[in-house]
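Here's the letter readout for the chains.
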Amino acid sequence: MNTPLALAEAPGLAACPACAVAPAAIAQGSRHAAGRARIVLSVPAAHCAACIGAVEGAVAALPGVRGARLNLTLRRLYVDAAPDVGAEAIVAALARAGYEGFELDAATLAAVETDAEGRDLLMRLGVAGFAMMNVMLLSVAVWSGAEAATRDLFHWISGAIALPTVAFAGQPFFRSALQALRARRLGMDVPISLALILASAISVYETLHSGRHAYFDAAVMLAFFLLAGRYLDHRTRAIARSAAQELAALEVPRAIRLGPAGDEVVAIEALAPGDLVRVLPGARIPVDGTIETGESEIDRALLTGESMPQPAAPGLAVGAGEMNLTGALVVRVTAAGAATTLRRMADLVALAEAARTRYTSLADRAARAYSPIVHVVALASLGGWLQVTGGDWRVALNVAAAVLIITCPCALGLAVPAVVTAASGRLYRAGLLIKSGTALERLAEVDTVVLDKTGTLTLGAPRPVNLDALPPGALALAAALGAGSAHPLAQALVAAARARGVAPAGVEDLREVPGQGIEGRWQGGRVRLGRAAWVGAETAGGAATATWLGRPDGAPLPFVFEDSLRPGAETLVRELRAQGMRVLLLSGDAEGPVAAMAARLGIAEHAAGVLPHEKVARVAALAAEGRRVLMLGDGLNDTGALAAAHVSISPASGLDAARAASDIVLMGRDLAPVGPAIRTARLSVRRIRENFALSALYNIVAVPVAIVGLASPLLAALAMSLSSVTVTLNALRLR
Amino acid sequence: MEVLAILILVSLILGGVGLGAFFWTLRARQYDDPEGDARRILTEEWDDRPKP
């Protein structure tokens, strides 16, 4: 049994020096609280030096807590505590200190916690930076006129520093260039690798023959600037990934299983089909299954877009992600964990995502135009100089290498990452999380916007609208009854009463009848709040969502509800129309509420009762017309369409699957930042193009000099650093 | 120009020490929380040794 284990471990240690260092770095880190942490919490309100002391002090004072450390960059609290300390106690302690804390699933976070790739890039960057500084010092002496033996000595020392550096720091480029060549493509990394190798080789040859020009400094500098671009790019994506992962980790996957020894709380992975799971009112159904016992109402808004809760009774099939509202249910598991309803959607998403990967980024397009030109120019100057000098390979190769080094896309490698980093930072502060590297470019191209209704344009929280038309006292009575239920309509009435300063009436013997409503005794008579039929009301039909109040005296009274609009929804639609976009509303909800919403927001095109695959088809049809679609959605029914759209945004309150399928996650409740985000995206694409133009300009000036054979290492170093700095400064204008 | 041999050696060693220090900071995870570390020096609570 030992052999496979040993085999599996060996390559990891031997593959590269960095691989050997990375695990060591992880082991080192475990000395800190972060490594030992058993409980991880998100503390979004922490922002200052005083917060660190307050948060850590409050938690450390709890009995059983051995250590607490707040990471202010990630706004996460790592707590090392005895096994008997629960997350609830820590959340309570934080609340006493005035901070909101949310437990995160440590297992979900573990995957991104150790950012080995980022540390690897940073180390290569550090090595390249160290080598660059030293080689530059030596080069300054050569440029300022060192002669003969001194120059040769300096070249030798430069080579001794530069060669191992290029071999180590250049690995990411060599690896991806090899991959590109295997796929018979010319990426940006092929000319980069060629320039690195050729510059090193020609410099070694020149040094051996005590030549005047050695390009060791250029090779190392190239590696340094390009690694800087690579690292920026990686960091932007790592921050977004880690934040997205945190959203997923907020939903700690647990279920209550009915075991032989009573109820037990288990992780969802531990469930098997056939198990019985108890779902309490107000909880999300953790699995796919059928209802075994119990009656309730379930809210399917995230999955189907229906805004009205559905009655649930034994025998009904329920899916993971649905919300149980009024009564406790026992569900027999048919599928759990990764095998739930989400899997049915997975095919749809995978199909749509394959279409999206065909998008070629601006950087790829630039590389596609640039690589062949560079290679042709370098080859032509090699041939030309061979012709002119009558076969002097040394001169010809020197010129060709100089051309490759001077044209090398230092600025091109920084052009996109610098802009994307600056723009992502700006959008992050506005509450948008850019998950995909090319999302900004795609967002800039959008000309059509498809909106989902429930949960996206609305908050999924109903609001009573006819309170003023009802007799006085009705709200007090309804609020008193509503306090006994987790049903969203009941809770909305309670909140409305509190907002108006209406004290609940003295209702006794509150009893919730699952699937029907709440019943109580008031001044000797029976009062009910719930479904029309149960209360004894005659419904006139109609689309409006309503609940009824049955009183001992008088006819039942209806409370009519409207889904409350997400803040910023009106601003967003107005702004989109001002930008000349075509706006569509596609919803799985009934015609009535959808048409009302479309009219209210001034959206010309809307469709109701749209099934998930129809949404995908509509989005695909729009794409086939040549339109670039931005999809905004939050539910499982939007997942396919989110993945099929040119670019997609989902609110943080959306379902995990929807967030995973979309490129951008909206962190706050407000929709308004989406409009300015599109403008920022357009601005950043303009900056990227400017950057390309800038680096092209440098090439147009420098390349003829190199072809004529007048290039020197000094000129190469100047061109490289000047263009890199200009490009970065241009990108920083976005902040 | 014999001094060159010494100076070059010294500069390389000094640079190497810097590189070594950089590796150490990397391995000690000092880049995990740049914002927090920047603020921590402003707190009024101090102790005799660094927190674990």
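Computed from a predicted model, the values in this text were never measured in an experiment.

A. Layout of the overall build of chain A. A tally of regular secondary structure across chain A gives 28 helices and 26 strands. Within chain A, buried positions represent 47% of all 735 residues. For chain A, restricting intrachain contacts to residue pairs at least 6 apart in sequence, the fraction spanning at least 24 positions comes to 69%.

B. Up close: the interface of chain A and chain B. On the chain B side, the residues contacting the 25 residues of chain A number 23 residues. Within the residue set of the side of chain A that touches chain B, elements represented by two or more residues are α2 (17-29), α4 (49-60), β2 (65-71) and α7 (116-143) of chain A.

C. Local environment of the nonpolar core. Residues and elements named next belong to chain A. Residues A219, V220 and A223 are the most contacted members of the largest nonpolar core, which totals 136 residues. Considering every element that reaches this core, the biggest residue donor is helix α11 (residues 216-250), with 14 residues. Each of domain 3 (117-243 + 364-420 + 683-732) and domain 5 (432-459 + 566-682) gives at least three residues to this core. Not counting residues within four places of it along the chain, the set of residues in contact with A223 comprises A128, T165, V166, A169, G170 and L196.

D. Quick look at the packing of α7 of chain A against helix α1 (residues 2-27) of chain B. Taken N-terminus to C-terminus, the directions of α7 of chain A and α1 of chain B make an angle of 165°; their axes are 11 Å apart at the nearest point. Comparing the axis directions of α7 of chain A and α1 of chain B gives the class roughly antiparallel. You can see that α7 of chain A and α1 of chain B cross each other, and the crossing is right-handed. Contacts between α7 of chain A and α1 of chain B involve R119, L122, M123, G126, V127, F130, M133, N134 and L137 of chain A on the former and, on the latter, S11, L12, G15, G18, L19, F22 and L26 of chain B. Of the residues in the contact of α7 of chain A with α1 of chain B, the class split is ten nonpolar, five polar and one charged.

E. Representation of helix α10 (residues 189-208) of chain A. Compared with an ideal rise of 1.5 Å per residue, which puts 20 residues at 28 Å, α10 of chain A spans 28 Å between its outermost C-alpha atoms and is within 8% of the ideal. Among the residues trailing α10 of chain A, S210 of chain A stands out with phi positive, at a value near 40°.

F. Structural detail: the sheet that holds strand β16 (residues 458-464) of chain A. All names here are of chain A. What the six strands build is an open sheet, ordered β16-β21-β20-β19-β18-β17; its pairing is antiparallel. Of all strands in the sheet, those with a lone pairing partner are β16 and β17 (508-513), marking the two edges. Strand-to-strand twist in this sheet, taken as the mean axis angle between neighbours without regard to direction, amounts to 20°. Judged from the three bridges that link them, strand β19 (residues 525-530) and strand β20 (residues 545-550) form a sheet pairing that is antiparallel. By the bridge assignment, G530 is partnered in β20 with W548. The strands that helix α19 (residues 474-482) touches are β17, β18 (517-522), β19, β20 and β21 (557-565); relative to β19, the one it contacts most, it runs at about 75°.

G. View of the confidence of the model for chain A. Across chain A, pLDDT averages 79, with 86% of residues at or above 70. Under a pLDDT of 50 for its full length, residues 1-35 of chain A has, in the predicted model, 31 contacts with residues more than four places off or in other chains.

H. How the structure looks around the sheet that holds strand β11 (residues 317-318) of chain A. All names here are of chain A. Taken together, the six strands give an open sheet; going across it, the order is β6-β5-β7-β13-β8-β11, and neighbouring strands pair in antiparallel fashion. At either margin of the open sheet sits one strand with a lone partner, and together these are β6 (262-267) and β11. Here strand β5 (residues 254-259) runs beside strand β7 (residues 276-279); their pairing, made up of two bridges, is antiparallel. When the bridges of β7 are listed, R257 appears paired with V277.

I. Highlighting the packing of α4 of chain A against helix α5 (residues 87-97) of chain A. All names here are of chain A. It is the contact of α4 with α5, at a shortest axis distance of 9 Å, that shows an interaxial angle of 135°. Considering their axes alone, α4 and α5 lie oblique with respect to each other. For the crossing formed where α4 meets α5, the hand is right-handed. Taken together, the residues of α5 that come into contact with α4 (itself represented by A54, V55, A58 and V59) are I90, A93, L94, R96 and A97. Here the residues of the contact of α4 with α5 are counted per class, giving eight nonpolar, no polar and one charged.

J. Region of interest: unusual backbone geometry. All names here are of chain B. The phi dihedral of R29 is positive, around 60°, even though this residue is not glycine. Note that R29 resides in the loop between α1 and α2 (34-40). Judged by local crowding, R29 falls into the partly exposed class, with 19 C-beta atoms found within 10 Å.

K. Just helix α8 (residues 148-169) of chain A, in detail. Given a rise of 1.5 Å per residue, 22 residues ought to cover 32 Å, and the 31 Å separating the end C-alpha atoms of α8 of chain A matches this to within 8%. Among all positions in α8 of chain A, only F154, H155, S158, G159, I161, A162, T165, V166 and A169 of chain A are buried.

L. The environment of D288 of chain A, seen in detail. Mapped onto the secondary structure, D288 of chain A falls in strand β8 (residues 288-293). Judged by the 24 C-beta atoms lying within 10 Å of it, D288 of chain A falls in the buried class.

M. How the structure looks around the pairing of strand β24 (residues 629-632) of chain A. Residue and element names in this part refer to chain A. Where burial is concerned, the two faces of β24 agree: the one with V629 and M631 and the one with L630 and L632 are both buried. The pairing of β24 with strand β25 (residues 647-651) spans three bridges and is classified as parallel. Within β25, the position partnered with L630 by the bridge is V647. Handedness of the β-α-β unit built from β24, helix α25 (residues 639-644) and β25 comes out right-handed.

N. Quick look at the pairing of β17 of chain A. All names here are of chain A. Sheet topology note: the β17/β18 ladder contains four bridges and is antiparallel. Among the inter-strand pairings, E508 is bridged to a residue of β18, identified as R521. The antiparallel pairing of β17 with β18 creates a hairpin that spans three residues between the two strands, and G515 there sits at a positive phi of about 80°.

O. Broad picture of the environment of A719 of chain A. Residue and element names in this part refer to chain A. By secondary structure assignment, the location of A719 is in helix α28 (residues 713-732). When the C-alpha atoms of A719 and F561 are compared, they prove to be 66 Å apart, with 158 residues separating the residues in sequence. Non-local contacts of A719, meaning those with residues more than four positions away in its chain, are made with I406, Y698 and A702.

P. Spatial organisation of the environment of L138 of chain A. All names here are of chain A. By secondary structure assignment, the location of L138 is in helix α7. Taking the C-beta count within 10 Å as the criterion, L138 has 24 such neighbours and is therefore assigned buried. Other than its neighbours up to four places away in sequence, L138 contacts F154, I157 and S158.

Q. Region of interest: the confidence of the model for chain B. Model confidence for chain B is summarised by a mean pLDDT of 80, while 83% of its residues fall at 70 or above. We note a pTM of 0.72 for the whole complex and an ipTM of 0.80 for its interfaces.

Definitions and limits used
Residues numbered from 1 in each chain as written. Chains lettered and ligands numbered in written order. Predicted model: local features only at pLDDT ≥ 70, side-chain atom pairs only at ≥ 80, totals over all residues. Helix = DSSP H or I, 4+ residues; strand = E, 2+ residues; numbered from the N terminus. Buried ≥ 20, exposed ≤ 12 C-beta atoms within 10 Å, placed from the backbone. Contact = placed C-beta atoms within 7 Å. Core = buried A, V, L, I, M, F, W, Y, C linked by C-beta atoms within 7 Å. Domains from an automatic or database assignment. Axes fitted to C-alpha atoms, helices over the stretch in contact; angles between N-to-C directions. Parallel < 35°, antiparallel > 145°, perpendicular 65-115°, else oblique. Left-handed = near helix turned anticlockwise from the far one by under 90°. Nonpolar A, V, L, I, M, F, W, Y, C, P; charged D, E, K, R; others polar. Expected span 1.5 Å × (residues − 1). Pairing = 2+ DSSP bridges. pLDDT = per-residue confidence, 0-100. Right-handed = clockwise from strand over helix to strand, strands pointing away.

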